[in-house]
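Residue-level listing of the chains:
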Amino acid sequence: MTKMVYSPRFARELSRVTSARVEQKIYDTLDVIEAVPSIGSRNIPRMIQVEFGEGVLKMVVDPFDIFYEYFDALDTVYVYTLVSQRQAR
């Protein structure tokens, strides 16, 4: 089973989500990432690539994007950040 590691930044950003419906969608999406880690999009805003590197992937959870990286050799997903889609352009 894929190991999921959450950055402190992601935890802080998740704690700011005020909608229970959106929060549940985020958890559901994390479950999908855990099951199929390579599912994310490689269409990443430049500012995110500069900060986290070329291997970062994106999953959309309207109105947020989850940015993460999958380390295949370790079978580990590192969840970097949760960003409002308006900010991640």
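Residues numbered from 1 in each chain as written. Predicted model: local features only at pLDDT ≥ 70, side-chain atom pairs only at ≥ 80, totals over all residues. Heavy atoms only, no water.

Draft legend 1. Representation of the side chain of Thr76 within the structure. With respect to the secondary-structure elements, Thr76 resides in strand 4 (residues 76-84). Overall, the relative accessible area of 12% leaves Thr76 in the buried class. At a separation of 2.9 Å, a polar atom in the side chain of Thr76 contacts the main-chain carbonyl oxygen of Leu74. Ignoring anything within four residues of it in the chain, the contact list for Thr76 reads Thr2, Lys3, Val5, Glu69, Tyr70 and Phe71. (Helix = DSSP H or I, 4+ residues; strand = E, 2+ residues; numbered from the N terminus. Buried < 20%, exposed > 50% of the residue type's maximum accessible area, 1.4 Å probe, protein only. Polar contact = N/O pair within 3.5 Å; in protein donor to acceptor, adjacent residues only side chain to side chain. Contact = heavy atoms within 4.5 Å.)

Draft legend 2. A look at the pairing of strand 2 (residues 57-61). Among the five residues in strand 2, four count as buried, and that is most of the element. As paired strands, strand 2 and strand 3 (residues 64-71) are joined by five bridges and run antiparallel to one another. Paired with Lys58 across the two strands is Phe67, which belongs to strand 3. The antiparallel pairing of strand 2 with strand 3 creates a hairpin that spans two residues between the two strands. (Pairing = 2+ DSSP bridges.)

Draft legend 3. Main features of the environment of Thr29. Considering the arrangement of structural elements, one finds Thr29 in helix 2 (residues 20-35). For Thr29, a relative accessible area of 12% corresponds to the buried category. Between the C-alpha atom of Thr29 and that of Val60, which follows or precedes it by 31 residues, the distance is 8.4 Å. If we ignore the near neighbours within four places in the chain, the residues touching Thr29 are Met59, Val61 and Ile66. Among the polar contacts listed, one links the side chain of Thr29 to the backbone oxygen of Lys25, at a separation of 2.9 Å.

Draft legend 4. Seen up close, the sheet that holds strand 4. One open sheet holds the four strands; their spatial order is 1-4-3-2, and the pairing between them is mixed. Single-partner strands in this sheet number two, and they are strand 1 (3-6) and strand 2. Each adjacent strand pair in this sheet contributes to an overall mean axis angle of 30 degrees, direction not counted. Relative to strand 4, helix 1 (residues 8-15) is tilted by about 45 degrees, and along the sheet it contacts strand 1, strand 3 and strand 4. (Axes fitted to C-alpha atoms, helices over the stretch in contact; angles between N-to-C directions.)

Draft legend 5. How the structure looks around helix 1. Those residues of helix 1 that fall on the buried side of the exposure criterion are Phe10, Glu13 and Leu14. Taken down its axis, helix 1 places every buried residue within 100 degrees of arc, on the same side. Within helix 1, the exposed residues directed more than 90 degrees away from the buried face are Pro8 and Ser15. Those residues of helix 1 that are buried lie in contact with strand 1, helix 2, strand 3 and strand 4. (Arc of directions from axis to C-beta.)

Draft legend 6. How the structure looks around the packing of aromatic side chains. All told, the structure shown has three aromatic pairs when counted by the stated rule. Aromatic side chains Phe52 and Tyr80 sit 4.6 Å apart centroid to centroid with 25 degrees between the ring planes, which places their arrangement in the stacked category. On the criterion of sequence distance, the pair formed by Phe52 in helix 3 (residues 46-52) and Tyr80 in strand 4 is long-range, its members being 28 residues apart. The class of Phe52 is buried, set by a relative accessible area of 18%. One aromatic cluster in this structure is built from Phe52, Tyr78 and Tyr80. (Phe/Tyr/Trp six-rings, centres within 6.5 Å; stacked < 30°, edge-to-face > 60°.)

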